[in-house]
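Single-letter residue listing:
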Amino acid sequence: MTQNTCLPFNGTDYVEFYVGNAKQAAHYYQSAFGFQPVAYAGLETGHKDRTSYVLRQDKITFVLTGAMHPDSPIAEHHKQHGDGVKVIALSVDDCKSVFDEAVARGAKVYQDLKTEKDEFGSITTAGIHTYGDAVHIFVERKNYKGPFMPGFVAWDPPYKPEDTGLLYVDHIVGNVNWDEMDKTADFYRTVFGFDQLISFDDKDISTDYTALKSKVMSSDNFKVKFPINEPAHGKKKSQIEEYLDFYIGPGPQHVAMATDDIEATIAALRNRGVDFLDVPDSYYNTVTERVGKIDEDLDVMKKHRILIDRDDEGYLLQLFTKPVEDRPTFFFEIIQRKGAKSFGKGNFKALFESIELEQGKRGTL
Ligand code: FE2
């Protein structure tokens, strides 16, 4: 690979959350989001330090991991950050060549190259650090047929709520400190060979109170997209700053999950108790002027509080959950793309006004 060639990623392999109680978190992702049980690791599989549950919905795999002892790095991570994303794992065909190239381009090693085997075959992984305490693990699983990885056993409980139509990870956003967006974007440019798709500054994304800057870094095949946010100065505290205060530093802010029927997906998620951001009624008074004609019935979009945005290539429908843990940190986005390749910039102002309503209730504006 020559310098600045994009590393060959096939997409997101899995996202691992370090949580306070993996068993209960697994139940939440089953019951609220319709993820299906896949695999388990814990005391019964010889893991003394952790319990992990693996859940899947179509191409989205989540690993929920909790610590078994206070001196474990998992417990330390949880004490510091609360529930949050530790690993953004990326699928590769040749782990060694991707890892060697990333390290040669300056990546800091988190986990050396490791091949693990069981009766289902072998998996090779290696990991590097990214912003904050988050890491990327490269996963080569072409020689493996088991449920998840060596060290895990199939987990097949009778409780299997229906899925909610979530299909794949569209993008994963990171929040970084003041003045660190450029440095982080440069890391993805230099180490992964990513291109910058879009950038916004505080003139694009600000309300009376809050502001942010953002750069979207993407692999050349668009299968891995990482928008990077940093706070900008507003009259009051930016939502990015609120995240940094409560997460105690930079970290993954949201995972966007794609659906091809956002109305059905949002209706199902709401039915199961997932909380979404409030969108003001007034949003729907002006949205048609901004986005033009859409295939969907606007009244239905309004009923489910779905946001709409348009770019040169089409439009997109999206909605954001409220934070899914005690701290106002990590949340999810549900997105349906109808041609648009962007991320909903036009919705940011409407969204921010909505987030500020929530911040106001928490007294953190
Ligand atoms: Fe997003």
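Residues numbered from 1 in each chain as written. Predicted model: local features only at pLDDT ≥ 70, side-chain atom pairs only at ≥ 80, totals over all residues. Heavy atoms only, no water.

Right, let's get into the overall build of the chain. For the chain, the count of helices and strands is 9 helices and 17 strands. In terms of overall size, the chain behaves like a compact globule, its C-alpha atoms giving a radius of gyration of 20 Å where 365 residues would be expected to give roughly 21 Å. Taken along its principal axes, the extent of the C-alpha atoms in the chain is 60 × 50 × 40 Å. Expressed as a percentage of its 365 residues, the buried residues of the chain come to 55%. In the chain, once contacts between residues fewer than 6 apart in sequence are set aside, the share between residues at least 24 apart is 68%. Here the chain has roughly 15,600 Å² of accessible surface; of this, 48% comes from carbon and sulfur atoms. Taken as two groups, the 43 positive and 57 negative side-chain charges of the chain have centres that lie 1 Å from each other. (Helix = DSSP H or I, 4+ residues; strand = E, 2+ residues; numbered from the N terminus. Rg over C-alpha atoms; globule rule 2.2 N^0.38 Å. Buried < 20%, exposed > 50% of the residue type's maximum accessible area, 1.4 Å probe, protein only. Contact = heavy atoms within 4.5 Å. Areas by Shrake-Rupley, 256 points an atom, 1.4 Å probe, with all protein chains shown as cover. Lys, Arg positive; Asp, Glu negative; His and termini not counted. Charge placed at Lys NZ, Arg CZ, Asp CG, Glu CD.)

Here we take up the pairing of strand β4 (residues 60–67). Burial runs high along β4: 7 of the 8 residues are buried. Two elements, strand β1 (residues 11–18) and β4, share 4 bridges in a ladder whose sense is parallel. In the sheet register, Phe-17 faces β4, and the bridge partner there is Leu-64. Relative to β4, strand β3 (residues 50–57) is paired through 8 bridges, and the arrangement is antiparallel. Pairing of Leu-55 across the sheet is with Phe-62, part of β4. Counted between consecutive antiparallel strands, the loop separating β3 from β4 contains 2 residues, among which Asp-58 sits at a positive phi close to 50°. (Pairing = 2+ DSSP bridges.)

With that settled, the discussion passes to the coordination of the iron ion. Within the protein, the iron ion binds to His-171 (NE2), His-254 (NE2) and Glu-333 (OE); these donor distances fall in the range 2.0 to 2.2 Å. Mapped onto the polypeptide sequence, the residues donating to the iron ion form the spacing pattern H-x82-H-x78-E. Residue His-171 is found in strand β10 (residues 168–175), and its partner Glu-333 is found in strand β17 (residues 331–338); the two are separated by 162 residues along the sequence. Both residues of the pair, His-171 and Glu-333, belong to the buried class. (Donors = N, O, S within 2.8 Å, 3.2 Å for Na, K, Ca; no water.)

Another aspect to go through is the layout of surface pockets. Taken as a whole, the largest pocket encloses approximately 570 Å³ of empty space. Lining the largest pocket are 30 residues, with Glu-16, Tyr-18, Arg-50, Gln-111 and Ile-137 positioned closest to its centre. Looking at the lining of the largest pocket, the elements that each hand over two or more residues are β1, β3, β4, α2 (73–81), β5 (84–91) and β6 (109–118). A per-element tally of the lining of the largest pocket places α2 first, with 6 residues. Elements supplying a minimum of two residues to the lining of the second largest pocket: β1 and β10. (1 Å grid on protein atoms, 1.4 Å probe; cavity = no way out; pocket = protein on both sides within 12 Å on 5 of 7 lines; lining within 4 Å. Points joined across faces, edges and corners; volume = space filled by probe spheres on them.)

Before going further, it helps to examine the state of the cysteines. For the coordinates displayed, the defined rule picks out 0 disulfides. Cysteine Cys-6 is unpaired, with the sulfur of Cys-95 as its nearest cysteine sulfur at 16 Å. (Disulfide = S-S within 2.5 Å.)

Strand order in this open sheet of 9 strands is β6-β7-β8-β5-β1-β4-β3-β2-β9, and the pairing throughout is mixed. With one partner strand each, in any of the chains shown, β6 and β9 (153–154) form the two edges of the open sheet. Sheet analysis places β5 next to strand β8 (residues 135–140), joined by 5 bridges and oriented parallel. Across the sheet, the residue bridging to Val-87 is Val-135, located in β8.

Here the focus is helix α3 (residues 95–104). Within the span of α3, buried status applies to Cys-95, Val-98, Phe-99, Glu-101 and Ala-102. End-on view of α3: buried residues confined to an arc of 165°, all on one side of the axis. If you follow the buried residues of α3, they end up packed against β6, β7 (121–129), β8 and α4 (181–191). By the N-cap criterion, in which a side-chain oxygen at the helix start approaches the backbone nitrogen of a residue two or three places on, α3 is capped by Asp-94, the distance to Lys-96 being 3.3 Å. Note on α3: the residue one or two positions beyond its end, Gly-106, has a positive phi of about 110°. (Arc of directions from axis to C-beta. Polar contact = N/O pair within 3.5 Å; in protein donor to acceptor, adjacent residues only side chain to side chain.)

We now examine the environment of Pro-70. Within the fold, Pro-70 resides in the loop between β4 and α2. By relative accessible area, which is 75% here, Pro-70 ends up exposed. Sequence separation of Pro-70 and Asp-49 is 21 residues, and the distance between their C-alpha atoms is 9.5 Å.

Our next topic: the side chain of Ser-214. Within the secondary structure, Ser-214 sits in strand β12 (residues 211–218). A polar contact is formed between the side chain of Ser-214 and the backbone oxygen of Ile-228, at a distance of 3.5 Å. Within the structure, Ser-214 has its side chain in polar contact with the side chain of Asn-229 (distance 2.9 Å).

This next bit is on the packing of aromatic side chains. The geometry of two aromatic rings is summed up by the distance between their centres and the angle between their planes. The full count for this structure, using the stated rule, is 33 aromatic pairs. Ring geometry for Tyr-29 and Phe-62: centres 5.5 Å apart, planes at 80°, overall edge-to-face. Of this pair, Tyr-29 sits in helix α1 (residues 22–31) while Phe-62 sits in strand β4, placing them 33 residues apart in sequence. Judged by its relative accessible area of 6%, Tyr-29 is buried. A centroid spacing of 4.9 Å and a plane angle of 90° characterise the contact between Phe-330 and Phe-332, whose relative ring orientation is edge-to-face. (Phe/Tyr/Trp six-rings, centres within 6.5 Å; stacked < 30°, edge-to-face > 60°.)

Among the surface-exposed residues, Asp-260, Asp-261, Glu-263, Asp-297 and Asp-299 lie close enough to one another that they form a single negatively charged patch. Secondary-structure assignment places Asp-297 in the loop between α7 (283–291) and α8 (298–304). (Patch = residues over 30% accessible without salt bridge, like charges linked within 9 Å, V, L, I, M, F, W, Y side chains within 5 Å. Salt bridge = Lys/Arg side-chain N within 4 Å of Asp/Glu carboxyl O.)

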